[in-house]
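# An overview of the molecular structure
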Amino acid sequence: MRLDPLTQAWTIFSPARPIPPAFGSVRDEPAKDSPFVAGAERFAPQALLAAPEAEWKVRVVPNRAPILRVEGDAARHSDGFYDRMDGVGAHEVVIEDSGDRAFEELPRPQIEQIITAWKARMLDLRRDPRMRSFTIVKSVGVPAGERVRHSVSQLLAMAVISPLLARKLQTARTFYDARKRSIFEDILTEEVRTGTRLVYENNGFTVFCPYASRAPFELAIYPKRQCADFHGLTDQETAQLADVLKIALHKLNGALDHPPYNFMLFTAPTRTARADHWTTLERDFRWHIEILPRLYYRGGVELATGCWLNSVWPEVAAAHLRSVELPE
């Protein structure tokens, strides 16, 4: 059993579960007409961003079936014993290509445009004082929640701090209070020291299989520079992030034949006026990305215990990923 130092969640590694994946390649899923290709703008006519504006490659539109909306009251109200609030937030779709190419097949300058679009929309939504936390999610393959076969990501802004982010923030602050160092820096230092779970790195970012990986071939991407906010990316780091994303996904697809996966970007919440509220974020928290392959259904043992079950040790997964050759 291995403990994730950031989330305090346990993963049970066991060779007793070397079963074939329940879900196959996303390339075997039936393709349907996409409403996101160039020429189908009538299905999403309100563009929040288009880059470039003429003959766009990357486009951001409101989600037609948003789970959160900007309208409403962000205050918490009593409902008898319980608490409730309106579903206030924002839910946007980032169309990553005007054609049908997968994210990792896009040229690096276009991936940079996608990253810049994520950053630009976050900065715009942060102007609404009700918005507290932001995330980018990408679902590839039906098992991961993909509804349309097209390279898209989603930006979600919430009027609350999500429980998972709050847990990471609290762990990071507690670690910093005790040791006067960032837990993210210590994790990176340990991964570089051992080297057994490293997959790829450049001057700005490190890609590795987490010590307590929740699923076979899980990937984490950490920036090397201490920065709590994703929107603090420099132009150079944007190019470096495009490089590591393209290579990491190529290696993942090469190792597992295009598995379904979830991509999650975690960034610091907005600051409040409370003197005791997340006052050390700039030093203790670091924005980061997690890529979780979806190869199996979560079983009863996992749901009942809150632990993850994994049959592939991260050292084995990382070694295999390092050996995957990149396309010319």
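Coordinates for the structure precede this section.
Residues numbered from 1 in each chain as written. Predicted model: local features only at pLDDT ≥ 70, side-chain atom pairs only at ≥ 80, totals over all residues. Heavy atoms only, no water.

On inspection of all chains with the given rule, the structure shows 21 salt bridges. Residue E92 is joined to R121 by a salt bridge in which the shortest nitrogen-to-oxygen separation is 2.7 Å. One end of the pair, E92, is in strand 7 (residues 89-95); the other, R121, is in helix 1 (residues 108-125), with 29 residues separating them in the sequence. Note that R271 and E282 form a salt bridge whose closest N and O atoms lie 2.9 Å from each other. Taken together, the residues span a long stretch of sequence, with R271 in the loop between strand 13 (261-266) and helix 5 (281-284) and E282 in helix 5 at a distance of 11 residues. Residue E282 is classed as partly exposed on the basis of its relative accessible area, which comes to 44%. A network of salt bridges, in which partner residues are shared, links R2, E191, R197 and E315. (Salt bridge = Lys/Arg side-chain N within 4 Å of Asp/Glu carboxyl O. Helix = DSSP H or I, 4+ residues; strand = E, 2+ residues; numbered from the N terminus. Buried < 20%, exposed > 50% of the residue type's maximum accessible area, 1.4 Å probe, protein only.)

With that out of the way, let us pick up the environment of G87. In this structure, G87 sits in the loop between strand 6 (82-84) and strand 7. On a C-alpha basis, the gap between G87 and E71 in space is 8.4 Å, while along the polypeptide they are 16 residues apart. Residues in contact with G87, not counting those within four places in the same chain, are L68 and R69. (Contact = heavy atoms within 4.5 Å.)

Moving on, we come to helix 2 (residues 163-179). Because the α-helix completes a turn every 3.6 residues, residues three or four places apart line up on one side. Over its 17 residues, helix 2 runs 24 Å from end to end, which matches the ideal 24 Å to within 8%, given 1.5 Å per residue. Within the sequence span of helix 2, burial applies to L165, K168, L169, T171, A172, R173, F175 and Y176. The inward-facing, buried residues of helix 2 contact strand 8 (133-140), helix 3 (183-194), strand 13, helix 5 and strand 14 (288-293). Note on helix 2: the residue one or two positions beyond its end, K180, has a positive phi of about 60 degrees. (Expected span 1.5 Å × (residues − 1).)

The subject of this paragraph is the sheet that holds strand 14. In spatial order, the strands read 3-4-7-9-8-13-14-12-11-10; together these 10 strands make up an open sheet with antiparallel pairing. Every other strand in the sheet has two partners, leaving strand 3 (49-51) and strand 10 (198-201) as the edge strands with one partner each. Averaged over all adjacent pairs, the angle separating strand axes in this sheet is 20 degrees, with direction ignored. Sheet topology note: the strand 8/strand 9 (residues 152-158) ladder contains five bridges and is antiparallel. (Pairing = 2+ DSSP bridges. Axes fitted to C-alpha atoms, helices over the stretch in contact; angles between N-to-C directions.)

Attention shifts here to the pairing of strand 8. Each regular strand shows side chains that alternate between the opposite faces of the sheet. Burial within strand 8 is extensive, with seven of its eight residues counted as buried. Examined bridge by bridge, strand 8 and strand 13 share six bridges and lie antiparallel to one another. Bridging across to strand 13, V140 finds its partner in Y261.

Looking at the element boundaries, G39 is found in the loop between strand 2 (10-13) and strand 3. C-alpha separation for the pair G39 and A220, spaced 181 residues apart in sequence, amounts to 36 Å.

Further remarks concern unusual backbone geometry. Between A51 and P52 the backbone carries a cis peptide bond, its omega angle lying at -20 degrees. Examined against the element boundaries, P52 turns out to sit in the loop between strand 3 and strand 4 (58-62). Although it is not a glycine, K180 adopts a positive phi angle of roughly 60 degrees. Mapped onto the elements of the fold, K180 is located in the loop between helix 2 and helix 3.

Quick look at the packing of aromatic side chains now. Evaluated as defined, the whole model comprises nine aromatic pairs. Centre to centre, the rings of F184 and F285 are 5.3 Å apart; their planes meet at 85 degrees, and the pair counts as edge-to-face. Remark: F285 occurs in the loop between helix 5 and strand 14 and F184 occurs in helix 3; sequence separation between them is 101 residues. Neither residue differs from the other here; F184 and F285 are each classed as buried. In textbook terms, an aromatic cluster arises when at least three aromatic residues are bridged by ring pairs, as seen for W118, F205, F230, F263 and W287. Here the guanidinium or amino end of R2 rests over the ring plane of Y211, the centre of that ring lying 4.3 Å away. Between R59 and the ring centre of W56, over which it is positioned, the NZ or CZ distance is 5.8 Å. (Phe/Tyr/Trp six-rings, centres within 6.5 Å; stacked < 30°, edge-to-face > 60°. Lys NZ or Arg CZ within 6 Å of the ring centre and 35° of its normal.)

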